[in-house]
Amino acid sequence: MLETPPNAKSLAAALQPTADWTKRVEALRLVGTWATAEHTHSSHAFVSGIHELRDAIADQVGDLRSAVVKEACATIAILASTMKDAAFQAHVDTFLASLLKALVVSVEVVSGAADSCIRTILVSTRTGHHAVLPKVVQAATSRSPVLRRCAVEYLGLVAASWNTKAMLRHNVPDTIAKLLLLGLCDGNCGVRAASRKSFWTFQARFPAKAKLVWEKLDAATKNALLQGGAAAAPGEATTPRSPLESDASSTASDGLRAVFARLYQPHYFQERAKRLAKLKEAQELRLCTFTPVRRLRRVAPQAKHVVTLPPPPPYVEASSSRIASTVACS
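The structure displayed is predicted, hence computed values, not measured ones.

Engineer: Looking at this structure, how should I read the side chain of Asp85?
Structural biologist: With respect to the helices and strands, Asp85 occurs in helix α5 (residues 85-88). With residues near it in sequence (within four places) discarded, Asp85 still touches Ser124, Thr125, Arg126, Thr127 and His129.

Printed below as a string of structure tokens:
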């Protein structure tokens, strides 16, 4: 425990690139101890001191010595775990830019330390560091398959750990859905496998958004997604199982996949309502106990229509009588 808080200017001088790497490591450890001291992580002196040391700490992530990089990543992880979200939010963009560059380094110690630090940053927040999303989106669309795979895995962590209301307020689910759609159709097999794991994590929190992603996939991608549905979530430990346990779990997972695939068919609920209506009608016909009687309606015979001609006019009768008298005289 620190008796007196360190001087930020002396720490900044010790973190200069021209300083010896052992002194830089000691300065980084002193920053971590300062952050973990009781009530100092929320003091004004500590917050202002970290603001002055931010660029110097971020520069240590790109150092050539793996020991310096590892200590710098551990210091940033401590800051993310101890500082409040509002105080650490101002430093996320600077730290994440250096950490993403360290991910593509071929040295496994450096890339592993950077990856662990980024995961700690994502899960150590109560509401979510929304300044992370632009950098993650940029990494998910980069040319490096390592960056794309890690970005998709980080999206799974975001979907699993961040506050739901805060995510909806910043349209985070829409961003994750777009990136998952790209990851599921990626040309790299590692990116596709990570996208499938993150999809099921995302589906558990936002099923409506996941359904929109599902409907835009082709049949082959859907089949691969269903086959990888029982895979462990990112960061979840897997233990070997006996053949009986594996058979039982595979049978249960197959049933869940079938139900999930059936529910995600387009127009499933409309067709289901029609089928239920037909079944209900057939059941009512079977349970009907009376036999309908057909009653014939008697039709009354129609009267014959007699055509009556009007009487002839008087001049016709007079002319016909004259003709008759003429014929008789002749």
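Anyway, onward from the coordinates.
Engineer: Is there a simple way to think about the pattern of salt bridges in this case?
Structural biologist: Pairs can form between side chains of opposite charge once their charged atoms are near each other. This structure, assessed with the given rule, holds nine salt bridges. Arg24 serves as the salt-bridge partner of Asp63, at 2.6 Å between the closest nitrogen and oxygen. Of the two residues, Asp63 sits in the loop between α3 (44-60) and α4 (66-82) while Arg24 sits in helix α2 (residues 21-36), which places them 39 residues apart along the sequence. Take Arg24: its relative accessible area is 7%, and that puts it in the buried class. When the shortest N-O distance is used, the salt bridge between Lys209 and Asp174 registers 2.7 Å.

Engineer: What is the right way to read unusual backbone geometry from this model?
Structural biologist: Its identity is not glycine, yet Asn171 carries a phi of approximately 60°, on the positive side. Tracing the backbone shows Asn171 in the loop between α10 (164-169) and α11 (172-184).

Engineer: When you look at the nonpolar core in this model, what are you seeing that I'm missing?
Structural biologist: Soluble, globular proteins show a tendency: their nonpolar side chains are buried together. Judged by nonpolar contacts, the single largest core of 71 residues is most densely connected at Ile57, Leu79, Phe88 and Ile176. With nine residues, helix α9 (residues 145-161) is the largest single contributor of residues to this core. Split by domain, this core shows at least three residues from each of two domains, domain 1 (1-124) and domain 2 (129-230). Beyond its immediate sequence surroundings of up to four residues, Leu79 is in contact with Ala35, Phe46, Ile50, Ile57, Phe88 and Phe95.

Engineer: What am I meant to see in a nonpolar patch on the surface here?
Structural biologist: Taken together, the side chains of Val105, Val107 and Val109 make up a nonpolar region of the molecular surface, amounting to roughly 200 Å² of accessible area. In this structure, Val107 sits in the loop between α6 (92-103) and α7 (108-123).

Engineer: Whenever I open this one, helix α14 (residues 219-227) confuses me. Can you help?
Structural biologist: In an α-helix, one full turn covers 3.6 residues, which means residues spaced three or four apart are oriented alike. Turning to α14, its buried residues are Thr221, Leu225 and Leu226. Down the axis of α14, the buried side of the element spans an arc of 135°, and every buried residue falls inside it. Seen from the buried face of α14, the exposed residues on the opposite side, beyond 90 degrees, are Ala219, Ala220 and Gln227.

What counts as what
- Residues numbered from 1 in each chain as written.
- Predicted model: local features only at pLDDT ≥ 70, side-chain atom pairs only at ≥ 80, totals over all residues.
- Heavy atoms only, no water.
- Helix = DSSP H or I, 4+ residues; strand = E, 2+ residues; numbered from the N terminus.
- Contact = heavy atoms within 4.5 Å.
- Salt bridge = Lys/Arg side-chain N within 4 Å of Asp/Glu carboxyl O.
- Buried < 20%, exposed > 50% of the residue type's maximum accessible area, 1.4 Å probe, protein only.
- Core = buried A, V, L, I, M, F, W, Y, C linked by side-chain atoms within 4.5 Å.
- Domains from an automatic or database assignment.
- Patch = residues over 30% accessible without salt bridge, like charges linked within 9 Å, V, L, I, M, F, W, Y side chains within 5 Å.
- Areas by Shrake-Rupley, 256 points an atom, 1.4 Å probe, with all protein chains shown as cover.
- Arc of directions from axis to C-beta.

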